[in-house]
Amino acid sequence: MSVMDTLNRRALLSFEVFPPKTDAGMTELCGENGILRRMYSLHPDFISCTYSAGGSDAGKNLAVLDAIQKDGCCAPVTHFTCAGNTKESARRQLQTYLNHGIRHILALRGDPSAFRADNGDFPSAAELVAFIRQEFGNAFAISVAGAPEGYPDSRPLEAEIELLKQKQDCGADCIVTRLCWDMDAFRYWLDAIRSSGIMLPVEAGVMPVVDQAETVGQVLSHSGGTIPRSLCGIISENWILPSPFVKDPFDANAERKKADFREAGLEYTVTQIQKYLDCGVDGIHLLTRNRFEDTALIVRESGIRNAP
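Let me begin by describing the structure that accompanies this report.

Rules behind the numbers
- Residues numbered from 1 in each chain as written.
- Predicted model: local features only at pLDDT ≥ 70, side-chain atom pairs only at ≥ 80, totals over all residues.
- Heavy atoms only, no water.
- Buried < 20%, exposed > 50% of the residue type's maximum accessible area, 1.4 Å probe, protein only.
- Helix = DSSP H or I, 4+ residues; strand = E, 2+ residues; numbered from the N terminus.
- Pairing = 2+ DSSP bridges.
- Arc of directions from axis to C-beta.

## Focus: the pairing of strand 8 (residues 283–287)
Burial analysis of strand 8 places 5 of its 5 residues in the buried class, the great majority of the element. Here strand 8 shows two buried faces, one formed by Gly283, His285 and Leu287 and the other by Ile284 and Leu286. For strand 1 (residues 12–17) and strand 8, the ladder comprises 5 bridges, and the chain directions are parallel. Its bridge partner lying in strand 8, Glu16 is registered against Leu287. In this sheet, strand 8 lies alongside strand 7 (residues 202–206) in parallel orientation, the contact comprising 4 bridges. In the strand pairing of strand 8, Val206 is matched with Leu286.

This is how it looks when you write it as structure tokens:
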């Protein structure tokens, strides 16, 4: 059953993994007793694999997707970016995915640091969606990104919603949101897209709060979103001196603080998922960072699936 068919029956649960840079990392993720095999026990509807802007890790991306496809436990979904892609290169890569049985694309603009309007044929993800539909018809299901707090480097939220409407009109099937911890902002955005005529199913993208440096760094370097007061409190109460970004902190309580932060962060993540589900989203997309134990705990405690 395809991901879109499942969406017509119930809310989705899906995971994001990234392609490791080393052969040892690939074995740990895709091997016989690897992370992927353990993640299947959580019964995800699909697992997506990231694809860097410009496609520098596209080879390992395909190897991970091949493993998911071969195992046959859930659908493989590939990220695919505008950045650096010409129509010719996109056509070739997309045909390769089809040849490997991968029939679901998450069509993205790509990170701003790697994106320039003059280094490819697709000024935005809307043009990429239109191209995929023109060249491949309905061979692919196409998900697109939604930004509940907008993008830190670009236009106002209203303009981003209009661009999302263009993605729908060009043939997108589903929305996966960027990281958003501010539930008031998320509810406003969800009401706004529905009022504007965007009726695509929405999966909420959720990054588990398990590592202090990773949590703060994600906001500062990527999403540019708001850290709510409750999450700020968890960060402050467990702040590692002099900074969580220091490899060898002098804080004598660093290990205890890391453990306390993880415990509080996991509880925060479970509560956030429950709030998303109360909003009526069509699924939860967990950015797993290739971590099984954290993912399993969140799935189990949130009640999305029966997890071991």
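Next comes the rest of the write-up.
## A closer look at helix 2 (residues 23–30)
For helix 2, every residue scored as buried is listed here: Gly25, Met26, Leu29 and Cys30. Along the axis of helix 2, the buried positions cluster into a sector of 110°, meaning they face one direction only. Opposite the packed face of helix 2, turned more than 90 degrees from it, sit the exposed residues Asp23, Ala24, Thr27 and Glu28.

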